[in-house]
Amino acid sequence: MTEKEFRDKLKDKKRIVVKIGSSSLHHMETGELNLTKMERLIRELCELKNQGKDVILVSSGAIAVGRKVLNVTPKDTSAKQACAAVGQARLMMVYERLFAEYNHLTAQVLMTKQTIINPESRRNAENTFNELLKMGVIPVVNENDTVAVAEVEDTFGDNDFLSAIVSVIVDADLLILLSDIDGLFTDDPRANKDAKFISLVENLDDSYMLMGKETTGSGVGTGGMSAKLHAATVAVNAGCDMLIANGDDVSVIHKIMEGRDYGTLFVGKRDDAFNIAGYVGMTRQ
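Below you will find a few notes about this structure.

Cut-offs applied
- Residues numbered from 1 in each chain as written.
- Predicted model: local features only at pLDDT ≥ 70, side-chain atom pairs only at ≥ 80, totals over all residues.
- Heavy atoms only, no water.
- Pairing = 2+ DSSP bridges.
- Helix = DSSP H or I, 4+ residues; strand = E, 2+ residues; numbered from the N terminus.
- Contact = heavy atoms within 4.5 Å.
- Axes fitted to C-alpha atoms, helices over the stretch in contact; angles between N-to-C directions.
- Polar contact = N/O pair within 3.5 Å; in protein donor to acceptor, adjacent residues only side chain to side chain.
- Buried < 20%, exposed > 50% of the residue type's maximum accessible area, 1.4 Å probe, protein only.

On to the sheet that holds strand β10 (residues 264-266), then. Across the sheet, which stays open at both edges, the eight strands sit in the order β3-β4-β2-β1-β5-β9-β10-β8 with mixed pairing between neighbours. On the outer flanks of this sheet lie β3 (106-111) and β8 (200-201), each paired with one strand and no other. One ladder, built from three bridges, connects strand β9 (residues 241-246) with β10; its direction is antiparallel. When the bridges of β10 are listed, Leu243 appears paired with Leu265. Across the face of the sheet, helix α5 (residues 77-101) comes into contact with β1 (15-20), β2 (54-59), β3 and β4 (138-143) while running at roughly 150° to β3.

Here the focus is the side chain of Lys13. Inspection of the secondary structure assignment puts Lys13 in the loop between α1 (3-8) and β1. Looking at Lys13, its side chain comes within polar contact range of the main-chain oxygen of Asp173, at 3.5 Å. Each residue touching Lys13, except ones within four places of it in the same chain, is listed here: Lys53, Asp173, Leu174, Asp241 and Met257.

Turning to helix α9 (residues 160-169), a few remarks are in order. Where burial is concerned, most of α9 is hidden: ten out of the ten residues are buried. Taken as a whole, α9 has its buried residues at Asp160, Phe161, Leu162, Ser163, Ala164, Ile165, Val166, Ser167, Val168 and Ile169. Of the residues one or two after α9, Asp171 is the one with positive phi, at around 55°.

To continue, consider unusual backbone geometry. Of note in this structure, Asn71 is not a glycine but carries a positive phi near 60°. Relative to the helices and strands, Asn71 resides in the loop between α4 (62-70) and α5. Looking at Asn71, the relative accessible area reads 70%, which means it is exposed. Even without being a glycine, Asp171 presents a positive backbone phi close to 55°. Inspection of the secondary structure puts Asp171 in the loop between α9 and β5 (174-179). Overall, Asp171 belongs to the exposed group, its relative accessible area being 51%.

As structure tokens, then:
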């Protein structure tokens, strides 16, 4: 298949997970939430829902919001968890109000690494997601930072990896990672002006994994390209297409769904031998 044919198939995706990171939600100068961008994001998601698609949002930002509200700079884990507890409530309040403006319901789902490793927890999460989607609700997912030490220490890569796990649990057919970079490059484009953009990855092998650079993360979030490539490993082996795109303009979502040429597309190829729980445990220790 040509790249255009792969892109055209995105129009028919029915269950979509969209991940947005901390750096895309905040004004870098002040640390305050970017309400205009959040409103545009919710409008994009609600339009997908109006088209009859299932939509799940994976959103970072709880610690950053709590840090701003409390006017502190947390340095240890317990302080970060306290910020997350305050920030998560504030973040969900904003999301709930914005979704309500477009007559859609939302629900909060908090997860940890154990959700996917423990078979019973995974089944419970799967059942909850399926019921919410059946009821027409748009779930908003985040790490449970208030109790999960490992996640607070950045092991989920600003929710990139978590969004791939969610995609597996809900059997999504498309995962969109909204980042602060246009997609995958042969090298870090911020450090190497000769880095070349890669628009399509049909077979995710070690040559691509080596292109991951931790330096592509922002000061607000924690995710780098390495975390995104690990997310791609999970998604594509579950048969889910994944796309990394620049979230500076969230209207990129509907452009992607129209099959237009934005971001890097990783083609899903289901591997029944791939052990998601084992992979999560191996990479997140």
